[in-house]
Amino acid sequence: MLLARALRAAAAAALRPPPRHPPRRLLSSSSPRALLPPPGAAPPLARSLWQLGGGWRTALLRPRRGSAGGVSCGCGGLHTEGDKAFAQFLTDEIKEEKKIQKHKSLPKVSGGWELEVHGTEAKLVRKIAGEKITVTFNINNSIPPSAEDETQEEQKPDEQEPDLTSTPNFVVEVIKDDTKQTLVLDCHYPEDEVGHEGEEESDIFTIREVSFQPTGESDWKDTNYTLNTDSLDWALYDHLMDFLADRGVDNTFADELIELSTALEHQEYIKFLEDLKSFVKCQ
Amino acid sequence: MSVVLRNAQRVVSVRRAPLRRAVCALRAALGASRFDVGLVCAGNGLMRRLNGAYRQRPEPTDVLSFPFHRVVAGELPRPSCRDEYNLGDIFLGVEYIHQQCRATGEDFDSVLAVTAAHGLCHLLGYQHRTEGEWQQMYQKEVEILEELNRLTGASLRPLTAGLF
């Protein structure tokens, strides 16, 4: 790889078109003496090439004005055949993704939750009887690696690919009006450990960690005790799950959160493709 | 030892802590506290699939028990190693039970506990295929539910009451 890069750099140096801007400092008279050619020496090959006025080779990187396939945007950016093909690919990809988009607008979560979205982070907020419950999640890296790779050979060509589902970790914060402490519960969707049959027999979501944090402070206080549920008494765990269920964070909520997260992730993915297309085509 | 509880459905609200308490008390009444038991709260879909796969009856039901050991009713398993301290798994058809309770007006949590008692007895070899088997199982259910009633103040009766 390193050798290939060096070869490409050398080739590019030979092909470089005449600079449109004043020559760089390296070629000026104030350059260190060692970089200047000795007096009377023949000019280097690269310079003689561009002194011929560009020649035919410049067309690979920048087509001459008026030639077929010329770019008249005048942005000054690089426009290669590869970029053109990439932009066309993205156009098709965006079209296909919009076609299979399940939700054109984000689905609601039942139970009176208000939704706030900031880029890839979403927050659901609910107030009940002197308590404020917030559920925060981020759709980045929320699609687990699927088992479809193992069955790809068995899949028929005309079969649709399985839907991608976003199962983000989510953090539940419970703030009681009369206390300065927030109870924070870090929740996860179980990973596919035993295949699809095992998934049907497991909890929809699990609590991984529980901690108290000062209300209103954005910095995590890592000197506060964090309970890890890996080795937790089962009865205590069940009480925590019932506690969450009483506040609307139950299996139904967890299911609806998957729908919301999947829709948001798809939406952000399409937006990213559109931004990428604009960037590649013309900034 | 452990009661491993999983709620694998989203149709019915299930209170985990009281269900665990009930199952632990029933297991103790059976003299089987040293044994692990698995409890899965399942919806109609899963119960239909399991019922079809293992009993050739592809329809939802209230409880399915999968014993770890094959034992004679009234005897406890004799494990030969730590891994064998396992009674098996009970699948509670909570959606089916909830539908039944809505039809009959019975209390869902009570019927859930009674159904769990029935499932535990199956794990320990009790059956109700004949009148004789049913009588033996019924007596055991009465015994362990009376212990649970004593602890909780409830008045639970066996699932198989009036079967024969």
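Because the structure is predicted, anything quoted here is derived from the model rather than measured.

Undergrad: Describe the overall build of chain B, and please don't skip the residues or the numbers.
TA: What chain B contains, in helices and strands, is five helices and four strands. Ordering the α and β elements of chain B from the N terminus gives β-α-β-α-β-β-α-α-α. On C-alpha atoms alone, chain B measures out to a radius of gyration of 15 Å, which is about the 15 Å that the 2.2 N^0.38 rule sets for 164 residues. Across its three principal axes, chain B shows a C-alpha extent of roughly 40 × 35 × 35 Å. The 164 residues of chain B split such that 48% are buried. Restricting to contacts in chain B with at least 6 residues of sequence separation, those with at least 24 account for 65%. With an accessible surface of roughly 8200 Å², chain B has 46% of that area assigned to carbon and sulfur atoms. When the 20 basic and 17 acidic side-chain charges of chain B are each reduced to a single mean position, those positions are 6 Å apart.

Undergrad: Describe the nonpolar core, listing the residues and the values that go with them.
TA: Counting 40 residues, the largest nonpolar core has Leu19 and Leu120 of chain B as the members making the most contacts within it. Those elements that place two or more of their residues in this core are β1 (3-7), α1 (16-29), β2 (36-42), β4 (86-93), α3 (94-104), α4 (108-123) and α5 (131-152) of chain B. In this structure, Val174, Ile204, Tyr237 and Leu240 of chain A belong to the second largest nonpolar core, which totals 32 residues.

Undergrad: Quick one: what's the story with helix α7 (residues 251-281) of chain A, residue by residue and with numbers?
TA: Here α7 of chain A spans 45 Å end to end across 31 residues, near enough to the 45 Å set by a 1.5 Å rise per residue. Capping the start of α7 of chain A, Asp250 of chain A holds a side-chain oxygen 3.3 Å from the backbone nitrogen of Thr252 of chain A, two or three residues further along.

Undergrad: Please set out the interface of chain B and chain A residue by residue, giving values where relevant.
TA: Every contact between the two is made by 19 residues of chain B and, on the other side, 16 residues of chain A. Both sides of the chain B and chain A interface together cover about 1600 Å² of buried area, and 43% of this is carbon and sulfur. Taken as a group, Arg10, Arg15 and Arg16 of chain B account for 37% of the area that chain B buries against chain A, more than any other trio of residues on that side. Applying the counting criterion to the chain B and chain A interface returns six salt bridges. A salt bridge links Asp238 of chain A to Arg16 of chain B; the shortest N-O distance between them is 2.8 Å. Between the two partners, chain B and chain A, sit 11 residue pairs in polar contact (both at pLDDT 80 or more). Where the side of chain B that touches chain A is concerned, the elements lending two or more residues are β1, α1 and α2 (44-55) of chain B.

Undergrad: Just give me the short version of the sheet that holds strand β7 (residues 226-228) of chain A, but keep the residues and values in it.
TA: Residue and element names in this part refer to chain A. Read across the open sheet, the seven strands follow the order β1-β2-β3-β4-β5-β6-β7; overall the sheet is antiparallel. Taken across any chain shown, the strands that pair with only one partner, and hence form the sheet edges, are β1 (114-118) and β7. For this sheet, the mean inter-axis angle between neighbouring strands, taken without regard to orientation, is 20°. Inspection of the sheet shows strand β6 (residues 206-214) paired to β7 by three bridges, in the antiparallel sense. Note that in β7 the partner of Val210 across the bridge is Leu227. Here helix α6 (residues 234-246) sits on the sheet and contacts β2 (121-128), β4 (170-176), β5 (181-188), β6 and β7; the angle it forms with β6, its principal contact strand, is near 75°. Sitting on the sheet, α7 touches β1, β2, β3 (131-138) and β4, and the angle it makes with β3 is about 45°.

Undergrad: Now, about the confidence of the model for chain B: what can you tell me, with residues and values included?
TA: Averaged over all residues, the pLDDT of chain B equals 94, while 99% of them reach at least 70. Both scores are given for the predicted complex: the pTM is 0.78, the ipTM 0.92.

Undergrad: Can you lay out the side chain of Glu95 of chain B for me, pointing to particular residues and giving the numbers?
TA: Tracing the backbone shows Glu95 of chain B in helix α3. Lacking a salt bridge, the buried Glu95 of chain B has Arg48 of chain B as its closest oppositely charged neighbour, with an N-O distance of 7.3 Å.

Undergrad: Outline unusual backbone geometry, listing residues and values.
TA: Of note, the phi angle at Asn141 of chain A is positive, near 55°, even though the residue is not glycine. Located in the positive-phi region is Gln56 of chain B, a residue other than glycine, with phi close to 55°. Along the chain, Gln56 of chain B turns up in the loop between α2 and β3 (63-67).

How each quantity is defined
Residues numbered from 1 in each chain as written. Chains lettered and ligands numbered in written order. Predicted model: local features only at pLDDT ≥ 70, side-chain atom pairs only at ≥ 80, totals over all residues. Heavy atoms only, no water. Helix = DSSP H or I, 4+ residues; strand = E, 2+ residues; numbered from the N terminus. Rg over C-alpha atoms; globule rule 2.2 N^0.38 Å. Buried < 20%, exposed > 50% of the residue type's maximum accessible area, 1.4 Å probe, protein only. Contact = heavy atoms within 4.5 Å. Areas by Shrake-Rupley, 256 points an atom, 1.4 Å probe, with all protein chains shown as cover. Lys, Arg positive; Asp, Glu negative; His and termini not counted. Charge placed at Lys NZ, Arg CZ, Asp CG, Glu CD. Core = buried A, V, L, I, M, F, W, Y, C linked by side-chain atoms within 4.5 Å. Expected span 1.5 Å × (residues − 1). Polar contact = N/O pair within 3.5 Å; in protein donor to acceptor, adjacent residues only side chain to side chain. Buried area = accessible area lost by both parts, 1.4 Å probe. Salt bridge = Lys/Arg side-chain N within 4 Å of Asp/Glu carboxyl O. Pairing = 2+ DSSP bridges. Axes fitted to C-alpha atoms, helices over the stretch in contact; angles between N-to-C directions. pLDDT = per-residue confidence, 0-100.

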